[in-house]
Amino acid sequence: EGSCDVENVGCNKQWYQRRVRGSFFEMEKRYLFAITLVLVTVSGLAINVNRGPPAKRARLEKKAKKIAEDTFLCNVNDFDCSESSLKNCKRSPNYKTLKQYCFSLNDHEKLMGHLEDIYNGNDELKSRSKRRLEQLDDGFTSFSEVDAAGSCSIGGGTITTFDGYSHTLTGGPCTYVLAVDRTISKLVVYGTFVSQDGGKFANKLINVALYMGADTLVLGQGYDINYQGLGYDTPAIINDKLVVWRDGQYIYAEAKALHAHIRWDPLGQLKIAVGAQYANETLGLCGLFNNDASLEHNTITYNYGSNDLTANDFSTQWALSGCYHEDAGRLAERMRNCDTYLYTRLCSVTHAAPDLISCIRDETLAMRYQEECVQNLCLCDDLDECMYAESLRISNDCLDRIGVSIDNGALREYLDQGYIQAAIPQNYAEVPTTSEELGNLKNFGQPYEYQDFMPAGSCYVYGHSYVHTFDNTAYRTGAHGCTYPLSLKEGIQHYTIYGTFAAEQPTGALASSLVYVSFFDLKNRVRVQLGQGLEVNYEGSAVQLPYHREFVSIWYDSDQHHIYVYDHDLGLELRWDGEAALRITLDARYQGETKGLCGTFNADSTDEINLLKETVVMPSDYQIMVQAWELPTCSHKVSDYNPVDFCLPSLQDYTSCKQALTNVKFSYCVTELPPIHFIERCEQDLCRCADDEACKCDVVSAYAQMCQDVINHSLDWRSDEFCPRNLCLYNKNGCLHKCNAPGVCSCDDGFELGADGKSCLVIIAE
């Protein structure tokens, strides 16, 4: 019998009768009817043509031809897009698609010419009849509220679509279609992009043109508006469709009847917001608005998206004609020769502006910003301007996400600092592609086996009892003056690492910090204890560094003042700064096998609360868990300690911490390590500490260490005025008698300080 599908249809009476009960009967019935109708109609007309008079035959022949064209010829393939062809296909179900197709071929150039006429002030355009604008009071702030269901934002060369998909414009300087409704009758938004410093890639938006039926509105780099070729001041009611006004550094255009809202920052930042009526009805670089960010690449032809379109094709297909675009090979070469390490650091500097810190709390969002920023800088020939555009982009996004408005001038002032300007290459220069060889690690005097260490995760303990777990969860322990297991292998096998905390005040204000670290290699029966400064004890005896044994190596990095303990048999490393910050690093064999304050190391940040032995009722918060991990030998009185949340930080505490942690020297770290969380921890510490400066510097030091780990580069951040290191902890800084923090030598009575500032000479009276 064959399958009941359209491809195998016989279109004869016998076939039709045999398949009346087929599963696709209704569809085939309609298909058969349509084919039969056309064939009968055309055949009937042909028969009548032969039987009637010549005039009638001509009319019938024309009618038959039209029916055939409507039915068979109204498709995109080889369609000539003439007015007569469109008119003939007006009743065709393909008419809408054909109109869009012809728009892509012809009307782009017409609209581009129209746009150029507006900017050039063409006399013929000016003479057109115009609708009278009604000026509003300067205090006007809103005309109508558009119920925005989706928004598209454009900043620098980055476009974030209505569905949240971000892509980088890789075409050349040109005018692009940002958003257009499928009927091409309600709203068309064009953006004119230029390149920075005469480059070949579009990375700055300078003009926005809105086409709404017969009305044209252009917003440029100034704060005036251009309607139908003439300039007007804001605010103004243009007609019943549109109102335009200025609020601070933005120009707003609202079209209530069209359910659209535009926000324009003349420095090149744009937001397009539309109502739910545009769902599944948009095309252009702002995407399809179909709640599917996985298929945003579209053209007039591929008007429902296509996985076959590259990002470069997506960009250039929506560019108006007459523009130059680098080919895919040159684009790939440009990206390949991009110094991504440098640009990653520059992007972090850009995001480190003090006013932006509240906007970048989420690390996932920060990493997305950084990836987009690097793409933009790689295609930019004026890095300073592109970094400024990037900071403006984050600022505009911040306004949308959390309602914080940031002054553009403050962002420019931040980037103009000499420290930052000195780090920015002034002119674009291609960097040859290089490959890094494995094993080329900096040697601090560690044993050769250290080269084989493959770290899989790290836990940090720092400040006044903060822990950052292997699975990237940070919490305040509320630790008392006591010893706690920081990390151990489940079942108390292989290793155990303890941390001993000391409270700053005898009564305890929960301002306790780490003062001793004890490492037990249970497998090889080795114990190492680290204390303040260079205090190192191996198996009960003090040792000088470097110190190497069969399984354990210990050495001192004099540049960073860190002590390293590496157990190559267990695949474990400790790094201790000699004051209050510890890093524990494990290799992959311990994933999902750890317990203690550093968490479970199972890539799940939601189950960090753990006990040595699981119980039916687990602790409800981290502080209860920490108390459960206290060693039985602890002698403190819990009643002497205040609760963990008793302290409310002051504005002074916040300001002090913010100034320290947004120091420009940390700007390389901001994207991967947002400082806002450390500012909050710092102000909590200052609220509890007696020595504010020391407590603040403990958190700042931990942030600097974690930052250096993230960027794999050392930072020279300390100075005599800013958190000087207490060198007295490290062999008394070479002082032969006394050492006074942060490292100044002095002498006992009867002695005077020598010329070297370290030794002491007997005072001999003349």
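A brief structural summary.

About the cut-offs
- Residues numbered from 1 in each chain as written.
- Predicted model: local features only at pLDDT ≥ 70, side-chain atom pairs only at ≥ 80, totals over all residues.
- Heavy atoms only, no water.
- Helix = DSSP H or I, 4+ residues; strand = E, 2+ residues; numbered from the N terminus.
- Buried < 20%, exposed > 50% of the residue type's maximum accessible area, 1.4 Å probe, protein only.
- Polar contact = N/O pair within 3.5 Å; in protein donor to acceptor, adjacent residues only side chain to side chain.
- Contact = heavy atoms within 4.5 Å.
- Pairing = 2+ DSSP bridges.
- Axes fitted to C-alpha atoms, helices over the stretch in contact; angles between N-to-C directions.
- Parallel < 35°, antiparallel > 145°, perpendicular 65-115°, else oblique.
- Left-handed = near helix turned anticlockwise from the far one by under 90°.
- 1 Å grid on protein atoms, 1.4 Å probe; cavity = no way out; pocket = protein on both sides within 12 Å on 5 of 7 lines; lining within 4 Å.
- Points joined across faces, edges and corners; volume = space filled by probe spheres on them.
- Phe/Tyr/Trp six-rings, centres within 6.5 Å; stacked < 30°, edge-to-face > 60°.

A separate point is the side chain of T473. Along the chain, the position of T473 falls in the loop between β18 (466-468) and β19 (474-476). With a relative accessible area of 12%, T473 lands in the buried category. Within the structure, the side chain of T473 is placed 3.4 Å from the backbone oxygen of S605, a separation counted as a polar contact. Once residues within four sequence positions are removed from consideration, T473 is found in contact with V467, H468, S605, E608 and Y622.

Looking now at the sheet that holds strand β25 (residues 541-542). Across the sheet, 7 strands lie side by side as β25-β24-β23-β22-β21-β20-β31; this open sheet has antiparallel pairing. Looking at strand neighbours, the two that pair on one side only are β25 and β31 (594-595), the edges of this open sheet. As paired elements, strand β20 (residues 483-489) and strand β21 (residues 493-503) share 6 bridges and run antiparallel to each other. Pairing of L488 across the sheet is with T496, part of β21.

Let us now look at the pairing of strand β2 (residues 150-155). Inspection of the sheet shows β2 paired to strand β15 (residues 269-274) by 6 bridges, in the antiparallel sense. Its bridge partner lying in β15, G155 is registered against Q269. Direction of pairing for β2 relative to strand β3 (residues 158-160): antiparallel, over a ladder of 3 bridges. By the bridge assignment for β3, S153 is matched with T160. Between β2 and β3, which pair antiparallel in sequence order, lie 2 residues; one of them, G156, sits at a positive phi of approximately 60°.

As a packed pair, helix α10 (residues 363-378) and helix α11 (residues 383-402) sit with axes 10 Å apart at the nearest point and diverge in direction by 150°. Considered as vectors, α10 and α11 are oriented roughly antiparallel to each other. The interaxial crossing formed by α10 with α11 has right-handed handedness. Touching L365, Y369, E372, C373, N376 and L377 of α10 are L383, C386, M387, E390, R393, I394, D397 and R401, all from α11.

With that settled, consider empty space enclosed by the protein. The full count for this structure, using the stated rule, is 7 cavities of 30 Å³ or more. Taken together, G155, G156, G157, N203, N376, C386, A389, E390 and R393 make up the full set of residues lining the largest cavity. Here the lining of the largest cavity takes 4 residues from α11, the largest share from any one element.

Both the distance between ring centres and the angle between the ring planes are used here to describe each pair of aromatic rings. All told, the structure shown has 19 aromatic pairs when counted by the stated rule. A ring pair is formed by F162 and F289, whose centres lie 5.3 Å apart and whose planes are at 40°; its orientation type is tilted. With F162 in the loop between β3 and β4 (166-168) and F289 in the loop between β16 (282-283) and α7 (311-317), this pair connects stretches of sequence that are 127 residues apart. Like F289, F162 is buried.

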